[in-house]
Amino acid sequence: MFSSYFANAQDVDSSLIRYTLSNSLHSKESTLVQNLYASMGYSPIWVGEQNQQKTKELLLALKNPLFNYKEKDLGQKEIKKLMFMADNSKAENKAQLLAKLDIAISNSFIKLVNFIYVGDVDWNMVKDKIASLKQSDGTSASWEMQQKEFPNQNALAGAVAQGKIEDYLTSLIPFEDKYKTLINLYDKYHKFKPFNEIPYSYDDLQIGSNSPRVMLVKKRLQELGDYPAYLALNNNFDNNLREAVLSFQKRFNLEETGIFDRVTNYYLNTTLSTYLKTIATNLDKTKIYPKTLNDQRIEVNIPSYSLTYYDNNKPKINTKVVLGRTDRPTPIINDYIEYMVLNPTWTVTDNLIKKDLIGVLREEPNYLKEHNIRVYAGNEEIELEPNQLDEYENSSSKVPYRFIQDPGEKNVLGKVKFAFPNSYDVFLHDTDNKDLFNRRYRVYSSGCIRMQKPLELAKALLETRTNGKYNENKMQEMLDSNKTATIKLDKSVPINILYFTVTNDRDKVYFDYDIYMYDQIIQESTEGNKKPYFEIPKQRMVKIEKKTQKDEEPAP
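Figured I'd write up the structure that's included with this text.

Cut-offs applied
Residues numbered from 1 in each chain as written. Predicted model: local features only at pLDDT ≥ 70, side-chain atom pairs only at ≥ 80, totals over all residues. Heavy atoms only, no water. Helix = DSSP H or I, 4+ residues; strand = E, 2+ residues; numbered from the N terminus. Buried < 20%, exposed > 50% of the residue type's maximum accessible area, 1.4 Å probe, protein only. Contact = heavy atoms within 4.5 Å. Areas by Shrake-Rupley, 256 points an atom, 1.4 Å probe, with all protein chains shown as cover. Lys, Arg positive; Asp, Glu negative; His and termini not counted. Charge placed at Lys NZ, Arg CZ, Asp CG, Glu CD. Phe/Tyr/Trp six-rings, centres within 6.5 Å; stacked < 30°, edge-to-face > 60°. Core = buried A, V, L, I, M, F, W, Y, C linked by side-chain atoms within 4.5 Å. Salt bridge = Lys/Arg side-chain N within 4 Å of Asp/Glu carboxyl O. Pairing = 2+ DSSP bridges. Polar contact = N/O pair within 3.5 Å; in protein donor to acceptor, adjacent residues only side chain to side chain. Axes fitted to C-alpha atoms, helices over the stretch in contact; angles between N-to-C directions. Parallel < 35°, antiparallel > 145°, perpendicular 65-115°, else oblique. Left-handed = near helix turned anticlockwise from the far one by under 90°. Nonpolar A, V, L, I, M, F, W, Y, C, P; charged D, E, K, R; others polar.

A tally of helices and strands in the protein yields 19 helices and 15 strands. Each principal axis of the C-alpha atoms in the protein carries an extent, and together these give about 95 × 70 × 50 Å. Counting over 556 residues, the protein shows a buried share of 50%. Contacts in the protein between residues far apart in sequence, at least 24 positions, make up 71% of those at least 6 positions apart. Element-wise, carbon and sulfur atoms account for 45% of the exposed surface of the protein, whose accessible area totals about 27,700 Å². The averaged location of the 75 negative side-chain charges in the protein is 3 Å from the averaged location of its 75 positive side-chain charges.

With the rule as written, the count across this model stands at 26 aromatic pairs. Their ring planes at 50° and their centres at 6.3 Å tell us that Phe109 and Tyr168 sit as a pair that is tilted. On the criterion of sequence distance, the pair formed by Phe109 in helix α6 (residues 91-117) and Tyr168 in helix α9 (residues 165-171) is long-range, its members being 59 residues apart. On the accessibility criterion, Tyr168 (9% relative accessible area) is buried. Where Tyr499 meets Tyr516, the ring centres are 6.1 Å apart and the plane angle is 20°; that geometry is what we call stacked. Here Tyr516 lies in the loop between β15 (508-511) and α19 (518-523) and Tyr499 lies in the loop between β13 (485-498) and β14 (502-505), a separation of 17 residues in the sequence. The pair formed by Tyr499 and Tyr516 is uniform in burial state, with each residue classed as buried. An aromatic cluster is defined as three or more aromatic residues linked by ring pairs; in this entry it consists of Tyr189, Phe192, Phe195, Phe248, Phe252, Tyr266, Tyr267, Tyr275 and Phe511.

Here is a general trend for soluble globular proteins: nonpolar side chains tend to be buried in one another's company. Counting 83 residues, the largest nonpolar core has Phe109, Leu169 and Tyr189 as the members making the most contacts within it. At 14 residues, α6 tops the list of elements feeding residues into this core. Dropping the residues within four chain positions of it, Leu169 is found in contact with Ala61, Phe67, Phe109, Leu112, Val113 and Ile116. Counting residues in hydrophobic clusters, the runner-up holds 79 residues, among them Leu133, Val300, Val348 and Ile449.

Summed over all chains, the structure comprises 29 salt bridges. Linking Lys81 and Glu78 is a salt bridge whose minimum nitrogen-to-oxygen distance equals 3.4 Å. One end of the pair is Lys81 and the other is Glu78, both in helix α5 (residues 76-87) and three residues apart, which spans about a single turn. Taking relative accessible area as the criterion, Lys81 reaches 45% and is therefore assigned partly exposed. You can call Glu78 partly exposed: its relative accessible area is 35%. A salt bridge links Arg297 to Glu299; its shortest N-O distance comes to 2.8 Å. Note on Arg297: relative accessible area 7%, which makes it buried. Looking at Glu299, the relative accessible area reads 10%, which means it is buried. When salt bridges with common partners are traced through the structure, they connect Lys28, Lys70, Lys72, Asp120, Asp284 and Glu527 into a single cluster.

This part covers the side chain of Thr139. Position of Thr139 relative to the elements: it lies in the loop between α7 (123-137) and α8 (153-162). Take Thr139: its relative accessible area is 2%, and that puts it in the buried class. In contact with Thr139, other than residues within four places in its own chain, are Leu133, Lys134, Thr326, Asp327 and Pro329.

In this section: the sheet that holds strand β7 (residues 380-382). Taken together, four strands build an open sheet; the order of strands is β5-β8-β6-β7 and the sheet is antiparallel. In this open sheet, the two strands that pair with only one neighbour each are β5 (346-347) and β7. Pairing between strand β6 (residues 373-377) and strand β8 (residues 402-405): four bridges, direction antiparallel. Residue Arg374 lies in a different strand from β8, and its bridge partner there is Ile404.

Time to look at the side chain of Asn343. Mapped onto the fold, Asn343 is located in the loop between β4 (334-342) and β5. Classification of Asn343 by relative accessible area gives buried; the value is 2%. At 3.3 Å, the side chain of Asn343 forms a polar contact with the backbone oxygen of Leu479. Here the side chain of Asn343 touches Lys483 through a polar contact of 3.1 Å, landing on its backbone oxygen. Apart from the residues within four sequence positions on either side, Asn343 is in contact with Pro407, Lys415, Met478, Leu479, Ser481, Asn482, Lys483 and Thr484.

The subject of this paragraph is unusual backbone geometry. Backbone geometry places Tyr305, a non-glycine residue, at a positive phi of 50°. Position of Tyr305 among the secondary structure elements: in the loop between β1 (297-301) and β2 (306-311).

The subject of this paragraph is the packing of α5 against α6. Between α5 and α6, the shortest axis-to-axis distance is 9 Å and the interhelical angle comes to 165°. As judged from the angle between their axes, α5 and α6 are roughly antiparallel. The handedness of the crossing between α5 and α6 is left-handed. Taken together, the residues of α6 that come into contact with α5 (itself represented by Gln76, Glu78, Ile79, Leu82, Met83, Met85, Ala86 and Asp87) are Lys94, Leu97, Leu98, Lys100, Leu101, Ala104, Ile105 and Ser108. Class assignment for the residues of the contact of α5 with α6 results in ten nonpolar, two polar and four charged.

Shown next, in the form of structure tokens:
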């Protein structure tokens, strides 16, 4: 289909390219396009018979969801218009039109490269909005981002010169494993037809229910992959449907009852456009990560309240975590665990003394003694009256006392903590409150990360990061002593705190609640949808309104 643009390009020379660049190129990418032609000696890059293959690769890439999942125009309309004009022009105008076409294709190439590598999110706006939460409602939130600039132009020009367009674009893909997983999900959902709403009802559907709504629920769950495709659809709520409802509830972190209630109905009515928008937002986040992470690492994903330890890039430990409250969110950072502490003491931070401890002591004067917390003025242990702290509760002055909790069963850090020194005073640790791991929305800490299986991680790090000095038996002896011991790792272990609301596990897609509302902030900081300010709504969690009616054929 492109043959005429290649066969008739012999009159497009460097002087015509230079002239056209000076008189016809008006875009924010103009400098990058100019640089590309300068590196190529101002020869035509895309038109001409010798350029046919790489031009075909680029025009296909512009339509490929792998590279352009938001289906952006990226100058494609202009390319089509110029192709049409060149096809239908007089011979004396063809060279000028082909020069314009060549430059238009280059402009689209630069736009595509920028979208793949940098994206269309204003990350500075995202950071400003997150930082502004502190002024609006006292939320100390932080997301340390590795923002990217346009990739190396010499490498780009080299790929063009060699004609390796698709290979080059593929090399730009960020956080490759996660990106490709999300692209596959986007492609899957993009092929669905828009969903019809399933009517709400006062009558929950469960085993034994018989209703036309059952048929609708089965059909939707079959489309989404929860209800087996080989099963027939009917109005009877059977055990197969119960298992499908359980699967769906798990994927959305809902209460797993197997009963199709109004809350499940609400989430099953998630629109196709919402699914696609959510997946696209998670693809946008990959842009602030490198192509790969370390083969040995710890990943904490906030929306799924989970931690995974990878060794040789394979998951070895997966466990639940408790994270920072919505008003004290866990910071999103990339750091390195340098040492672990067995039987740790806990020093209450100045911030927590003012925000929490002073109020607790006012209500429970014996709290310090009951929780084995000692108070020090300098190096001297003292007895403290609760009212001695009142003047510091709303003061900017630092509290002149140290509150240190002894090791033991009541210690809030549990039996082990993993330290990655940072400016936020957060770390990874065990906990004395194991019941919190049974909650669905595990946001109860003041920013630190509490871990359900800390001793498994401790054992793994001792085996791989202490040059054989420690093993599980030695660790247990040290724990049993109830004495505090610090173990420095011979090589630090990367810890990546992430925020992905869409994940994939064993062919199941999980959509987690945007608990810190960062997805919404990103969506409102994207090209074409920018809103200058963001305010936390008064009610964060979804309220299921009673848009209900009686079933026409209620269960017997």
